[in-house]
Amino acid sequence: MPMVIGVRFKNAGKLYYFNPGSLTPAAGDSVIVETARGIEYAEAVMGVHEVGDNRVQAPLKRVMRIATPQDAAQHLNNQQSEHKLDMKLVRVEYTFDRSKLIAYFTSNGRVDFRALVKDLAATFKTRIELKQIGVRDEAKMLGGLGTCGRSLCCSEFLGDFQPVSIKMAKEQNLSLNPTKISGVSGRLKHNNDVKQLIGISKSVAG
């Protein structure tokens, strides 16, 4: 049976096994390990022990060393340099002449992404534009299937979104069950039924 140590990369994260080689890190020690995506800093949560062959995926990646104070300082610096922004990236696209890279994102509030834009510009060597969009625009960009089983109307033929309200559903005597009148975005549907709602609302208003 192989000898391993168990490590985690984040608090309460998934447990991963690594080959300790000649090293003997104890639980609580920080270690530098080789992973599929590169060299990483991790915390040993289980010291050197044996496990059954069926619990590991060969070949095991190795522990490079027990972390030094310099490693810990670099890890802290890396964390402080990360862009911890409350935003969800939806799509990234270039203009035709590649003079600008446009990134569309959703967020629950305002996001100060000036530092992120600066880093992206230095990496991609082009102008960067970040555009905040709504959840309906996100659904339109990503596409998907509606509750009817067909492609989302917004991604198929709706050019823009017209205002839709609960009042419109009441005027047409539709069920006010949120799961029935809401789309995948969590907002009121913009589909053929809603077109009828909009028409009825306009006629009543007229």
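Quick caveat: nothing in here was measured; it's all calculated off a predicted structure.

Conventions and cut-offs
- Residues numbered from 1 in each chain as written.
- Predicted model: local features only at pLDDT ≥ 70, side-chain atom pairs only at ≥ 80, totals over all residues.
- Heavy atoms only, no water.
- Buried < 20%, exposed > 50% of the residue type's maximum accessible area, 1.4 Å probe, protein only.
- Helix = DSSP H or I, 4+ residues; strand = E, 2+ residues; numbered from the N terminus.
- Pairing = 2+ DSSP bridges.
- Axes fitted to C-alpha atoms, helices over the stretch in contact; angles between N-to-C directions.
- 1 Å grid on protein atoms, 1.4 Å probe; cavity = no way out; pocket = protein on both sides within 12 Å on 5 of 7 lines; lining within 4 Å.
- Points joined across faces, edges and corners; volume = space filled by probe spheres on them.
- Nonpolar A, V, L, I, M, F, W, Y, C, P; charged D, E, K, R; others polar.

Description of the pairing of strand E7 (residues 100-106)
- Here E7 lies mainly inside the structure; seven of its seven residues are buried.
- Residues of E7 alternate between two faces, with Lys100, Ile102, Tyr104 and Thr106 on one and Leu101, Ala103 and Phe105 on the opposite face, all of them buried.
- One ladder, built from six bridges, connects strand E6 (residues 88-94) with E7; its direction is antiparallel. Paired with Tyr94 across the bridge in E7 is Leu101.

Here's the deal with the sheet that holds strand E1 (residues 3-8)
- With antiparallel pairing, five strands are arranged side by side in an open sheet as E2-E1-E4-E3-E5. Only two strands of the sheet have a single partner each, and these edge strands are strand E2 (16-18) and strand E5 (63-66). Neighbour to neighbour, the strand axes of the sheet diverge by 45° on average, direction disregarded.

Describing the layout of surface pockets
- Estimates place the volume of the largest pocket at around 1200 Å³.
- Along the wall of the largest pocket there are 37 residues; nearest its centre are Phe9, Thr35, Glu40, Tyr41 and Ala42.
- If you list the elements that add at least two residues to the lining of the largest pocket, you get E2, strand E3 (30-35), strand E4 (38-50) and helix H1 (69-81).
- Take the lining of the largest pocket: its biggest share by element is six residues, from E4.
- Residues of the lining of the largest pocket, tallied by class, amount to 16 nonpolar, eight polar and 13 charged.

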